[in-house]
Amino acid sequence: MTDRYLFGGGTADVAEDADGKRVAGAPVTIWDGPSDTSSRVMDLVDVENGSQIEQSTLTADEFGYIPRFLGPPGAERLWAKAGTVGKRVELIQMSLSTRIAKHATDADPHRDRDYADRKFEAAVARVGRNDVATVPGGDAWLTVEAADGTGDVLRMIRDGQVGSQLRSNGCLYIQPFTNNAGLVVQTKNGSDSTNAILVQGGADGATSVFRVRKSGNVLIAGSVQSDGNVIAPNIGTARLFSGPASALPPTSQLRPGDVWVQYG
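J.: Describe the overall build of the protein chain, and please don't skip the residues or the numbers.
T.: Scanning the protein chain for helices and strands turns up two helices and 15 strands. Relative to its length of 264 residues, the protein chain is extended, with a C-alpha radius of gyration of 41 Å against a globular reference of 18 Å. The burial tally for the protein chain puts 19% of its 264 residues in the buried class. Put simply, the protein chain shows about 19500 Å² of open surface, and 52% of that area lies on carbon and sulfur atoms. Across the protein chain, the mean location of the 26 positive side-chain charges is 9 Å away from that of the 31 negative side-chain charges.

Here it is as structure tokens:
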């Protein structure tokens, strides 16, 4: 809804005759311009009771002052004609201080945020499908300046339950909503030697230390430590022991297929 602005009631808002004398009780009409071709304004509101002013004609008070009134919605400039004087004089708008205060506290006084929101909504659908072409030259389509800490940059929610999250520290937390695999890597377009999973480490941060190939082979640069049994078709139920000869288990505890690697 467009605002109505306040006019009249100021020290300069007076009804005068041709000699410049104030005229108490003079009828005052309001116009949209100073020229003879301007139109009379017929939509004025009484400040005191909020009702339309009868016949849109104001009456100067006993001192000749033009009373306060609200102009038509959105009208920034108005002119007054008092009595039989032909000249129309511009009124000073009295809402300026109120408008400045409103401008200072308004969340979007210039409507630039609203403009940006409408442009964004026109480019990116919040509900439904988005088709986005990558930017030529290898530049990122979307860049997020992540703040310090571990706050969520991207968060999935279903029925109030938090699912997977991309944190501002770069970590990805995978939490399926249902009883499904949290991470599925498909490599149908690669060869058997294609890395489905690659972990890079080392001093340079670029050395491959853990790889899972499309073929299922696992290549590890470090050692494998297990708190449970290691089971594979080529070793069956065999167990692997190592240590000095004094640590060799009693014969009664050994089973067919057990392997002993002696050192020391």
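Having seen it, we continue.
J.: Requested: an account of the pattern of salt bridges, with residues and values cited.
T.: In a structure, side chains of opposite charge can pair up when their charged atoms sit close to one another. For the structure shown, the criterion picks out seven salt bridges. Residue E48 pairs with R68 through a salt bridge whose shortest N-O separation is 3.6 Å. Residue E48 is found in the loop between β3 (45-46) and β4 (57-59), and its partner R68 is found in the loop between β4 and β5 (69-70); the two are separated by 20 residues along the sequence. Classification of E48 by relative accessible area gives exposed; the value is 66%.

J.: Break down the pairing of strand β9 (residues 161-167) for me, citing the residues and quoting the values.
T.: In this structure, strand β8 (residues 152-158) lies alongside β9, joined through five bridges in antiparallel fashion. Paired with R155 across the two strands is Q165, which belongs to β9. In this structure, β9 lies alongside strand β10 (residues 172-173), joined through two bridges in antiparallel fashion. Bridge pairing links Q165 to Y173 in β10.

J.: Quick one: what's the story with the side chain of R213, residue by residue and with numbers?
T.: With respect to the helices, strands and loops of the structure, R213 is situated in strand β12 (residues 207-213). Buried charge R213 goes without a salt bridge, the closest partner of opposite sign being D192 at 9.7 Å. If near-sequence neighbours (up to four positions away) are discounted, R213 is found in contact with D192, S193, T194, N195, A196 and L219.

J.: Quick one: what's the story with the packing of aromatic side chains, residue by residue and with numbers?
T.: What the rule picks out here adds up to one aromatic pair. With a centroid separation of 5.8 Å and an interplanar angle of 20 degrees, the aromatic rings of F7 and F69 are classed as stacked. You can see F7 sitting in strand β1 (residues 6-7) and its partner F69 sitting in strand β5, a full 62 residues away along the chain. Neither residue differs from the other here; F7 and F69 are each classed as buried. The ring of W31 is capped by R88, whose NZ or CZ atom sits 4.0 Å from the centre of that ring. The cationic tip of R167 hangs over the ring face of Y173; the distance from NZ or CZ to the ring centre is 4.2 Å.

J.: An account of the sheet that holds β10 is requested, with residue identities and associated values reported.
T.: Strand order across the open sheet formed by three strands is β8-β9-β10, with antiparallel pairing between neighbours. Single-partner strands in this sheet number two, and they are β8 and β10.

J.: An account of the environment of S215 is needed here, citing residue identities and associated values.
T.: Topologically, S215 is positioned in the loop between β12 and β13 (218-220). For S215, a relative accessible area of 39% corresponds to the partly exposed category. Each C-alpha atom, one on S215 and one on N195, is 9.0 Å from the other, the two residues being 20 residues apart in sequence. Looking at S215, its side chain comes within polar contact range of the side chain of N217, at 3.3 Å.

J.: Lay out unusual backbone geometry in plain terms, naming residues and giving numbers.
T.: Outside of glycine, negative phi angles account for most residues, and trans bonds account for most peptide bonds. A positive phi is found at S56, a non-glycine position, where the angle reads about 50 degrees. Checked against the element boundaries, S56 lands in the loop between β3 and β4. Residue class for S56 comes out buried when judged on its relative accessible area of 2%. With a phi angle near 50 degrees, D159 is a residue other than glycine that sits in the positive phi range.

The rules we used
- Residues numbered from 1 in each chain as written.
- Predicted model: local features only at pLDDT ≥ 70, side-chain atom pairs only at ≥ 80, totals over all residues.
- Heavy atoms only, no water.
- Helix = DSSP H or I, 4+ residues; strand = E, 2+ residues; numbered from the N terminus.
- Rg over C-alpha atoms; globule rule 2.2 N^0.38 Å.
- Buried < 20%, exposed > 50% of the residue type's maximum accessible area, 1.4 Å probe, protein only.
- Areas by Shrake-Rupley, 256 points an atom, 1.4 Å probe, with all protein chains shown as cover.
- Lys, Arg positive; Asp, Glu negative; His and termini not counted.
- Charge placed at Lys NZ, Arg CZ, Asp CG, Glu CD.
- Salt bridge = Lys/Arg side-chain N within 4 Å of Asp/Glu carboxyl O.
- Pairing = 2+ DSSP bridges.
- Contact = heavy atoms within 4.5 Å.
- Phe/Tyr/Trp six-rings, centres within 6.5 Å; stacked < 30°, edge-to-face > 60°.
- Lys NZ or Arg CZ within 6 Å of the ring centre and 35° of its normal.
- Polar contact = N/O pair within 3.5 Å; in protein donor to acceptor, adjacent residues only side chain to side chain.

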